[in-house]
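The residues making up each chain are set out below.
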Amino acid sequence: MQSFRRSVINLAVVNKQFVRSVAVSSSTVNSNENSLELKSWRDIPGPSSLPLIGQIHHFLPGGSLHTIDTNMGISEKLYQHFGPIVRLDGAFGSPTIIFLFDAEASAQILRNENWMPIRIGFQSLEYFRKKYKKRERDQNESTGLITEQLEPWKKFRSTVNPIMLQPKTIKLYRSSLREVAEDMIKRMKLIRNEKNMLEGKFDEEMNLWALESIALVALGGRLNCLDRTLPENSPEKKLIQTVHDIFKTAEVIDFKPSLWRYFSTPTFKKAMKMYENQVELSKFFIGKAIKQLETRDKNLNEEKGILEKLLEIDENTAVIMASDMLFAGVDTAANTMTATLYLLATNPEKQIKLREEIMSEKEERPYLKACIKESMRMLPVVAGNMRQTTKEYDILGYRIPKDMHVSFGHQFLSSMEEHFPRAKEYIPERWITDKTDPLHHSNAHPFAFSPFGFGARSCIGRRIAELEMEIFLEKLIENFHVEWFGPPLKVKPSTLNYIMEPFNFVFKDVK
């Protein structure tokens, strides 16, 4: 999972000369013949600072960003006032972060990092796994892909890669995921009211589908999240709520100034309790899955699933991987699907074209994939990703030292006209049209669109997530005409970009 640090800006216009650079290995050749002497990273423009409190006043009521509620608004202002590179000073133990809104500069760092790039994410989760729960684990055991770095990360990733990324293993779940999708369609038809809108909260419905889907892959069996009699205090709904609460709380303590790095704040204690709850709930489901595997007929010549294959290698690895899949695969898939449905509902001609492809019963579904891809370009579930540099870089006229935290603004880049003409329009065709078409995605810089990250630390669950969403979207469009009424959809930037209610969807039966 990729994370993007929330940032602040000074509304006063700062005029700077921006020097474009061309990447060559880990150094830069300045494209300006009158090359300027490289400046220190401390000279990178950014929000104004005050004595003692630094840039915190920008976050407070009356501050320049206090009322901004869309991540694109922040990115646009940063770019407009400071240019393609911006510095946000650290506070209360958090590090200084350099924001990049330049595709070539992003490529220079991402391409030149070594085989063990350091991806910064949930520091509170890392603290929980490595220090808070220190007595309860073997110090030689890995804490997983989300919280490990360098050699421990490399060892864990090398163990799970052959299983998690094997096409044969992923295809194993196709028919079962189709059953989940069909059950979700049945549920949606049952809970529609007379206006063809879903009763209850739409985001919760999408979370139930997402949890049922990822649990099928992570655990090898159904959780029955789609059972209409499922009580509110069920482990399934508790897990969904816990994960959702974790992401919201992580923004406060991981991505905003917080004193938890110095002493146990109330929010920190709350976060530790949430992490404990998530672990216990995950262990509950994993335990049930392991018992089912133990009672399965060993004589059946069936392809083994992800959990079973990992258990044969190492139980700790299997449990951590399953737990992280349940943690990372619910809100992300649910929000991406909601965004895709919204864009199809507000672009009915695209929805008709997609339905025609689905009804043709052709085996390949290029337009289906393109519809999801275009929604991830326009309404991505995360705004970018972050690295801690492992070497020194010369970027846009500045010397970036080793161990600096750098954030790559992929969401902003994918909305720029210079990369994607008619960028504010939903055009799935740009992903499948002929290369001679000016709209074709290959005309964009390859680092302008990166929803699953890049390189060795790209999302390990990408193929699983894509399969889940493709199957569900196919079934949904096959059954429903999706419509939207009222004002445009709203997105609240947090650790993830959360789509907010009201969800004004209408689901009419396809005749």
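Reference entry: report on the structure contained in this document. Fair warning: this is a prediction, and the values are worked out from it, not measured in the lab. (Residues numbered from 1 in each chain as written. Predicted model: local features only at pLDDT ≥ 70, side-chain atom pairs only at ≥ 80, totals over all residues. Heavy atoms only, no water.)

**Describing the sheet that holds strand β4 (residues 85-88)**
Okay, step 1: Here we have four strands laid out as an open sheet, ordered β4-β5-β9-β6, and mixed in their pairing. Looking at strand neighbours, the two that pair on one side only are β4 and β6 (385-388), the edges of this open sheet. Mean inter-strand twist for the sheet, computed between neighbouring axes without regard to direction, equals 25°.
Okay, step 2: Bridge count for β6 against strand β9 (residues 405-408) is four bridges, and the pairing is antiparallel. By the bridge assignment for β9, methionine 386 is matched with serine 407. (Pairing = 2+ DSSP bridges. Helix = DSSP H or I, 4+ residues; strand = E, 2+ residues; numbered from the N terminus. Axes fitted to C-alpha atoms, helices over the stretch in contact; angles between N-to-C directions.)

**Digging into unusual backbone geometry**
Okay, step 1: Each neighbour pair has its own omega, and for glutamate 501 with proline 502 the value is 10°, a cis peptide bond.
Okay, step 2: If you trace the backbone, proline 502 turns up in the loop between β12 (497-500) and β13 (505-509).
Okay, step 3: Of note, the phi angle at arginine 422 is positive, near 55°, even though the residue is not glycine.
Okay, step 4: Within the secondary structure, arginine 422 is located in the loop between α15 (410-413) and α16 (462-479).
Okay, step 5: Since its relative accessible area comes to 42%, arginine 422 is described here as partly exposed. (Buried < 20%, exposed > 50% of the residue type's maximum accessible area, 1.4 Å probe, protein only.)

**A look at the pairing of strand β10 (residues 480-484)**
Okay, step 1: Here β10 shows one buried face, formed by Phe480, Val482 and Trp484, and one open face, formed by His481 and Glu483.
Okay, step 2: Alignment of β10 against β13, held across five bridges, turns out to be antiparallel. Pairing of tryptophan 484 across the sheet is with phenylalanine 505, part of β13.

**Here's the deal with the pattern of salt bridges**
Okay, step 1: By the definition in use, this model includes 23 salt bridges.
Okay, step 2: The residue arginine 422 makes a salt bridge to glutamate 425 at a minimum N-O spacing of 2.9 Å.
Okay, step 3: Put simply, glutamate 478 and lysine 475 hold a salt bridge, and the shortest N to O gap is 4.0 Å. Of this pair, glutamate 478 and lysine 475 both sit in helix α16, separated by three residues, roughly a single helical turn.
Okay, step 4: Residue classification places lysine 475 among the buried residues on the basis of a relative accessible area of 12%. (Salt bridge = Lys/Arg side-chain N within 4 Å of Asp/Glu carboxyl O.)

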